[in-house]
Amino acid sequence: MNSEERIDAQCTKPTKRRGPSAENQRQIDDAIAARSLKISAYSGASIPINESDNDTCAQYDEPGTAPPNAQYEYLNHPADILLHAWGDNFISSLRNLACAMFGCITSLSSVSTDAHQSEEFGRNIAARGHDTRSLVYAFLDEWLFNFHETGFIPKDIDIIDYDPHTFMISSKGTGEVLDLTRHPRGMEVKAITYSAMKVKETDGRCDVYVVVDI
Amino acid sequence: MNEDDADESSAHEIHHGGKDPHRVRKFRKRVKKIEGKKAVDELNQLSCCLIDNPSPIDTVNQAGDSDASPQPKKHPVPRHLRGGKQRKKKTPGIKKSFDGYENSGNENLSDFMFTDGDQSALEEECPFMDIKRVDGAANDSNEQPQSIEADACDILCDRMSDLAMPSAENLSNPEQCDDHEEAQVSFAIEDEDNNEQLHQNAQDVQTPGKKKTPRKRSRRKKNNNAADLDPHEDEDDYPLNISSPDLQCINTEQEPTPSKANKDPCPQRTLEEELAFLTRVSPTKYIVKPGFVPNMKVSAEIIVNDDLENLLIQELRDTCCDTNSGGDSSFIPALRQAANVAALPGIVKASLAMPDVHSGYGFCIGNVAAFDMDDPEAVISPGGVGFDINCGVRLIRTNLTEKDVGEEVREQLADALYRNIPVGVGVDGNIPCERDDLDILLENGIDWAIENGYAWEEDKAHCEEYGRMETADPKCVSNRAKKRGLKQLGTLGAGNHYAEVQIVDEIYNPDAAKAMGIDTLGQVCIMIHTGSRGLGHQVATDALTEMENAMARDQIELNDRQLSCARISSREGRKYLAAMSAAANFAWVNRSCITFLARKAFSEVFKREPDALDMHLVYDVCHNIAKVEKHFVDGKEKTLLVHRKGSTRAFPPQHPNLPDDYKPIGQPVLIGGTMGTCSYVLVGTDKGMSETFGSTCHGAGRALSRNQSRKKLDHEQVLNKLKESGISIRVASPKLVTEEAPESYKDVCEVIETCQHAGISQKVVKLRPIAVIKG
């Protein structure tokens, strides 16, 4: 390999690499070092598989698999995940739907309840739509955004208020902030979609279907 | 970014622009403008070329790009390709625009071939254009009006006829001069308030399609024709004499839309009836005739081979004609999605599907659709871009070979990459970036990364759009999106995103490979596949919500609610384009930051500087994006908004958007395989340019659903299999590897071969992985 020649050929003027500023470099190094400590906790230095997933997380359900008694399930979709949740009424199926979404991200059974974090991050998540579908969309989107902003995973969600006429809903959740040393990592839910979205209400039962983009 | 750094970057700007440090941020556009002028002046001297009449457009546009990264001063066309006549370009005073380009030293501006006469008409009709202008994000190089004098046109004509590019008439359209002056005026009044003012104007003109009558009679006529023809076509082409209400065969759960056929209950067509719409026109191409779904304005074209064809038809069988499957888990098959896209207003030529096609959100994955910017009805659709805006692949070469990376080194490399690059869900980025910085980042794209020392200056030329879309406007990006983006800068993400160390396995085209700096079998390369992360996802989410409303207002008729879209010239359309461009810029910075970390990781393992390892960027492609481009349709040059969702741009040799070093070979196209399978480097072809708007496939494309993968495959087996084939792997969520296992995807080699046979791209290099890190 005559890399020297190639460099000469490719770039007419060799540039001096400035690199990030000393301060930025330090911050980056610190961040990497901090993460490395975490990594060693859940991934052996030279072991291809994250060890902890076999040990500490083994007792939990796999993210993206519904526990046996859950009122939600994951259905086939070519590239993404189709969530199907049900309940006695629209509100309870919405609750289950949000749990289904977070169940993709990690195993809900590994999530415990932290009162302080729940109060701080899981309080009053409000959403508004202009019809039922957009309400479902907005509701999930609010929770997803809350997760992306704070890392908070609700284990259980309560609907505080729901107005079927103005399509407004407010909810709170109890759970804790995602901790990669304790919670198995699942899929990254990028966004909610209107794809195949369906709300089916019959007497005493409501089914909701939503595809989340993975 | 902390205060020190902010100062430093300000200092940098001062150095260039000579502005008061406290006002630099506020007036950075102005600064850039000044810088640009300086740069032009300097470059003028350097290249001893004269600008006859340097227009403010040139200046500002150069400013944008020269701001952070003065490009090597190269001619947009390599010397050996210019020919004797073309060499005239070097002499002073031939023509403004060429010299402008030359002096800018920015190949990005070398879109001269794509300038057009229609531009001025478009400018008048489409307020969006004016906005961009004055925004300073003006003049996306693709739309830049230029006047080129006759001899230049002569020179270009030869190539144009080959490349299906603008005609000489268009290039020398006298209207352009006026246009130039208009632009000058716009720029002259640029000030801080302008944006607000223009946004206000923009809001006033919410439905330009209704308020403004099309200026050109011919265009009107065309639209009428389209409208007139459609119903007939539906009926004429309809096989087995089924009456038109039966046309509707979309899943029942789709919301009713104003479409005539949608008013009727969903009928059942047998598979045979469905298949009657499909015609195989060549061994690699299917055409889906209008009528397959209602309101198709053009046909849908699918590039397939036998296996892929079977998959598609299987999908159709499973989802459409089986009464039982119309239930809970159904989704719209890719074929029908491609056809639905063909029913969108303003679509030209055809809705194209690449061989890696599969069902997606609204548009199928692998869908290419171009909309006529001159058609006031034409739309832009977030569904046609996807949630992961500017998801893409980049390849970095090294001067290492396979013998340098034995088993032990592979493990070290995988560790170093995994340590340095944040992967997986819920992981924050390492790269310091403050909120104020983010706006600059969103506007400047890769220039931000160069400025802050994460990217090399040479990297810029090897990115599509030179790593920066001029249409970006940070103001159009919601705070939510910015919040999500800030935390995730420099992260790889999860799903199918990865960073791989790869080995050159086969070289099919040594010349092209050499131009990319790949000349040895066994050479080590690094491939990075990621996108705009949460910022892009949120931009798409925001846009979908907004467009829901816009569609109702503009009465856009759709077969499928997922195809939410807005007229390009509407407020929502413009806003989405600006926000999408900003998200695209974010993605380039994200990939640049990961490149920085990958270079760092290699440097740690091999104890040598990245430069000494020759870690240059080979190319960076986007496969989820919409861009304004010039294409020839039915012999006429058109300004199109080309949506590529799960499709890669593949421009042919000599295309003016390419950097000098790739002009002779065509645009490098990077196709990432799936975990553990091969990846490819291809180049674009002239045939691709004329048939698929210069597009080819983007990867393997899923074959199994995630659930199916999980049921069929065992994650330990998958990991062991990779290990056995000598691949070091670090995954954040090992139990989910089954979803990304090679068995879950179509065979990437098949996909590549199909593209090769169809002639839309050509193989150059095949790479196989030796180390993978992923979420």
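Keep in mind the model is a prediction, meaning the values are calculated, not measured. (Residues numbered from 1 in each chain as written. Chains lettered and ligands numbered in written order. Predicted model: local features only at pLDDT ≥ 70, side-chain atom pairs only at ≥ 80, totals over all residues. Heavy atoms only, no water.)

Trainee: In this structure, what is going on with the environment of B:Ile303? I would like to understand it.
Mentor: All names here are of chain B. Here Ile-303 is to be found in strand β3 (residues 299-303). Residue classification places Ile-303 among the buried residues on the basis of a relative accessible area of 5%. Spatially, the C-alpha atoms of Ile-303 and Cys-755 are 7.7 Å apart, while their sequence positions differ by 452 residues. Setting aside chain neighbours within four positions, we find Ile-303 in contact with Thr-284, Ala-353, Met-354, Pro-355, Thr-692, Thr-754, Ala-758 and Ile-760. (Helix = DSSP H or I, 4+ residues; strand = E, 2+ residues; numbered from the N terminus. Buried < 20%, exposed > 50% of the residue type's maximum accessible area, 1.4 Å probe, protein only. Contact = heavy atoms within 4.5 Å.)

Trainee: In this structure, what is going on with the pattern of salt bridges? I would like to understand it.
Mentor: Opposite charge on two side chains lets them pair, provided their charged atoms get close. All names here are of chain B. Throughout the structure, instances matching the rule amount to 51 salt bridges over all chains. Of the charged contacts in the structure, one is a salt bridge between Arg-649 and Glu-465, with a shortest N-O distance of 3.5 Å. Taken together, the positions of Arg-649 in strand β14 (residues 648-649) and Glu-465 in the loop between α20 (457-461) and α21 (479-488) put the pair 184 residues apart, joining distant regions of the chain. Each of the two residues, Arg-649 as well as Glu-465, counts as buried. Close ionic contact of Lys-475 with Asp-473 constitutes a salt bridge, the shortest N to O distance being 3.6 Å. Judged by its relative accessible area of 5%, Asp-473 is buried. Connected through salt bridges with shared partners, the residues Glu-377, Arg-553, Asp-554, Arg-567 and Glu-572 form a single ionic network. (Salt bridge = Lys/Arg side-chain N within 4 Å of Asp/Glu carboxyl O.)

Trainee: I'm lost on helix α18 (residues 435-444) of chain B in this one. Help?
Mentor: An α-helical turn contains 3.6 residues, so any two residues separated by three or four positions project in the same direction. Summarising burial for α18(B): 7 of the 10 residues are buried, a large majority. Looking one or two residues past α18(B), B:Gly445 carries a phi angle of roughly 60°, positive in sign.

Trainee: What is the right way to look at the UniProt feature "binding site: Mn(2+) 2" (unreviewed entry) in chain B in this model?
Mentor: Residue and element names in this part refer to chain B. When the UniProt feature table is mapped onto this chain, "binding site: Mn(2+) 2" (unreviewed entry) is found at Cys-391, His-529 and His-623. Taking the farthest pair of C-alpha atoms as the criterion, the annotated set spanning 233 residues converges on one region, since that pair is 10.3 Å apart. Inspection of the secondary structure puts His-529 in strand β9 (residues 523-530). Under the relative-accessibility criterion, His-529 is labelled buried at 7%. If sequence neighbours within four positions are ignored, His-529 has contacts with Cys-391, Gly-392, Val-393, Leu-492, Asn-496, His-497, Tyr-498 and His-623. In terms of polar contacts, His-529 uses its side chain to reach the backbone carbonyl oxygen of Asn-496, at 3.2 Å. Structurally, His-623 can be placed in the loop between β11 (617-622) and β12 (624-633). Given a relative accessible area of 2%, His-623 falls into the buried group. Residues in contact with His-623, not counting those within four places in the same chain, are Cys-391, Gly-392, Val-393, His-529, Arg-644, Lys-645, Gly-646, Ser-647, Thr-648 and His-698. (UniProt positions renumbered as here; feature names shortened; annotations may be inferred. Polar contact = N/O pair within 3.5 Å; in protein donor to acceptor, adjacent residues only side chain to side chain.)

Trainee: Would you mind showing me how to read the UniProt feature "domain: Archease" (unreviewed entry) in chain A here?
Mentor: In the numbering used here, UniProt assigns the "domain: Archease" (unreviewed entry) feature to residues 72-214 of chain A. End C-alpha atoms of residues 72-214 of chain A are separated by 18 Å, and the span's content is 29% helix alongside 37% strand.

Trainee: Which parts of the structure should I look at to understand the packing of aromatic side chains?
Mentor: Geometrically, a pair of aromatic rings is defined through the distance of the ring centres and the angle of the planes. Counted according to the given criterion, the structure contains 12 aromatic pairs over all chains. Taking 6.3 Å as the distance between ring centres and 90° as the angle between the ring planes, the aromatic pair formed by A:Phe102 and A:Trp143 counts as edge-to-face. Taken together, the positions of A:Phe102 in helix α4 (residues 90-105) and A:Trp143 in helix α6 (residues 132-150) put the pair 41 residues apart, joining distant regions of the chain. This pair shows no difference in class: A:Phe102 is buried, exactly as A:Trp143 is. The ring of B:Phe693 has B:Lys349 sitting right over it, with the charged end atom 4.7 Å from the ring centre. A cation over an aromatic ring shows up here: B:Lys763 above the ring of B:Tyr508, its NZ or CZ 4.2 Å from the ring centre. (Phe/Tyr/Trp six-rings, centres within 6.5 Å; stacked < 30°, edge-to-face > 60°. Lys NZ or Arg CZ within 6 Å of the ring centre and 35° of its normal.)

Trainee: What is the right way to look at the pairing of β3(B) in this model?
Mentor: The side chains of a regular strand alternate, residue by residue, between the two faces of the sheet. All names here are of chain B. In terms of burial, β3 is a largely internal element, 5 of the 5 residues being buried. Side chains of β3 alternate between two faces, with Ser-299, Glu-301 and Ile-303 and Ala-300 and Ile-302 buried alike. Judged from the 4 bridges that link them, strand β2 (residues 285-288) and β3 form a sheet pairing that is antiparallel. The partner of Ile-287 across the bridge, within β3, is Glu-301. (Pairing = 2+ DSSP bridges.)

Trainee: Which parts of the structure should I look at to understand the nonpolar core?
Mentor: Note on soluble globular proteins: their nonpolar side chains tend to be buried together. Judged by nonpolar contacts, the single largest core of 120 residues is most densely connected at B:Phe292, B:Ile421, B:Trp448 and B:Phe602. Ranked by residue count, the leading element in this core is helix α24 (residues 571-606) of chain B, at 20 residues. When near neighbours in sequence (up to four residues on either side) are disregarded, B:Ile421 contacts A:Arg35, B:Leu492, B:Ala499, B:Ile594, B:Leu597, B:Ala598 and B:Ile773. Counting 56 residues, the second largest nonpolar core, distinct from the first, contains A:Phe102, A:Cys104, A:Met197 and A:Val208. (Core = buried A, V, L, I, M, F, W, Y, C linked by side-chain atoms within 4.5 Å.)

Trainee: Just checking my understanding: could you explain the pairing of strand β7 (residues 392-401) of chain B for this structure?
Mentor: Residues and elements named next belong to chain B. With 10 of its 10 residues buried, β7 lies for the most part within the structure. By the alternation rule, side chains of β7 split into Gly-392, Arg-394, Ile-396, Thr-398 and Leu-400 and Val-393, Leu-395, Arg-397, Asn-399 and Thr-401, which are all buried. Bridging between β7 and β9 involves 7 bridges; their strand directions are antiparallel. Paired with Arg-394 across the strands is Ile-528, a residue of β9. The sheet contact formed by β7 and β11 spans 5 bridges and is antiparallel. Pairing of Ile-396 across the sheet is with Leu-617, part of β11.

Trainee: I would appreciate a short explanation of the UniProt feature "binding site: Mn(2+) 1" (unreviewed entry) in chain B in the present structure.
Mentor: Mapped onto the present numbering, the UniProt feature "binding site: Mn(2+) 1" (unreviewed entry) falls on B:Asp388, B:Cys391 and B:His497. On the basis of their most widely separated C-alpha atoms, the annotated residues across 110 residues gather in one place, lying no more than 10.8 Å apart. Structurally, B:Asp388 is set in the loop between β6 (379-380) and β7. Sequence-distant contacts of B:Asp388, that is, excluding residues within four places in its chain, are made with A:Lys190, B:His497, B:Gly531, B:Ser532, B:Arg533, B:His537 and B:Asn624. One can find B:Cys391 in the loop between β6 and β7.

Trainee: Explain the sheet that holds strand β4 (residues 152-163) of chain A to me, please; I cannot follow it from the model alone.
Mentor: The pairing of strands in a sheet comes from backbone hydrogen bonds and takes either a parallel or an antiparallel form. Residue and element names in this part refer to chain A. Taken in spatial order, the 3 strands of this open sheet run β3-β5-β4, and their pairing is antiparallel. The sheet is open, and its two borders are formed by β3 (125-128) and β4, each paired with just one other strand. The mean inter-strand angle of the sheet, taken between neighbouring strand axes irrespective of direction, is 25°. Examined bridge by bridge, β4 and strand β5 (residues 168-177) share 10 bridges and lie antiparallel to one another. Its bridge partner being in β5, Tyr-162 is matched across the sheet by Ile-169. α4 contacts β4 and β5 of the sheet and is inclined by roughly 160° relative to β4. (Axes fitted to C-alpha atoms, helices over the stretch in contact; angles between N-to-C directions.)

Trainee: What's the story with the environment of A:Glu23 in this structure? I'm lost.
Mentor: All names here are of chain A. Within the secondary structure layout, Glu-23 lies in helix α2 (residues 22-42). Glu-23 gets classed as partly exposed once you look at its relative accessible area, which sits at 21%. Only 2.8 Å separates the side chain of Glu-23 from the side chain of Arg-26, close enough to count as a polar contact.

Trainee: Is there a simple way to explain the sheet that holds strand β5 (residues 365-372) of chain B in this structure?
Mentor: Residues and elements named next belong to chain B. The strand order β1-β2-β3-β4-β5-β13-β12 describes an open sheet built from 7 strands, whose pairing is mixed. Since the sheet does not close on itself, it has two edges, and those belong to β1 (278-282) and β12, each with one partner. Neighbour-to-neighbour, the strand axes of the sheet open up by a mean angle of 25°, direction not taken into account. Pairing of β1 with β2, which is carried by 4 bridges, proceeds in the antiparallel orientation. Each bridged residue has a counterpart across the sheet, and for Arg-280 the counterpart in β2 is Tyr-286.

Trainee: Explanation requested: the packing of α6(A) against α21(B) in the structure shown.
Mentor: A pair of packed helices is characterised by two quantities: the angle between their axes and the separation of those axes. At their nearest, the axes of α6(A) and α21(B) sit 9 Å apart, and the two run at 35° to each other. At the point where α6(A) passes α21(B), the crossing takes the left-handed sense. The segment α6(A) lies against α21(B), with A:Asp141, A:Glu142, A:Phe145, A:His148, A:Glu149 and A:Thr150 engaging B:Arg480, B:Lys483, B:Arg484, B:Lys487 and B:Gln488. (Left-handed = near helix turned anticlockwise from the far one by under 90°.)

Trainee: Whenever I open this one, the state of the cysteines confuses me. Can you help?
Mentor: Any covalent bond linking the sulfur atoms of two cysteines counts as a disulfide. Residues and elements named next belong to chain B. The final tally for this structure, using the stated rule, is 0 disulfides over all chains. Cysteine Cys-364 shares no disulfide, and the gap to the nearest cysteine sulfur, in Cys-697, comes to 14 Å. With no disulfide of its own, Cys-391 has Cys-622 as its nearest cysteine by sulfur position, at a separation of 9.6 Å. (Disulfide = S-S within 2.5 Å.)

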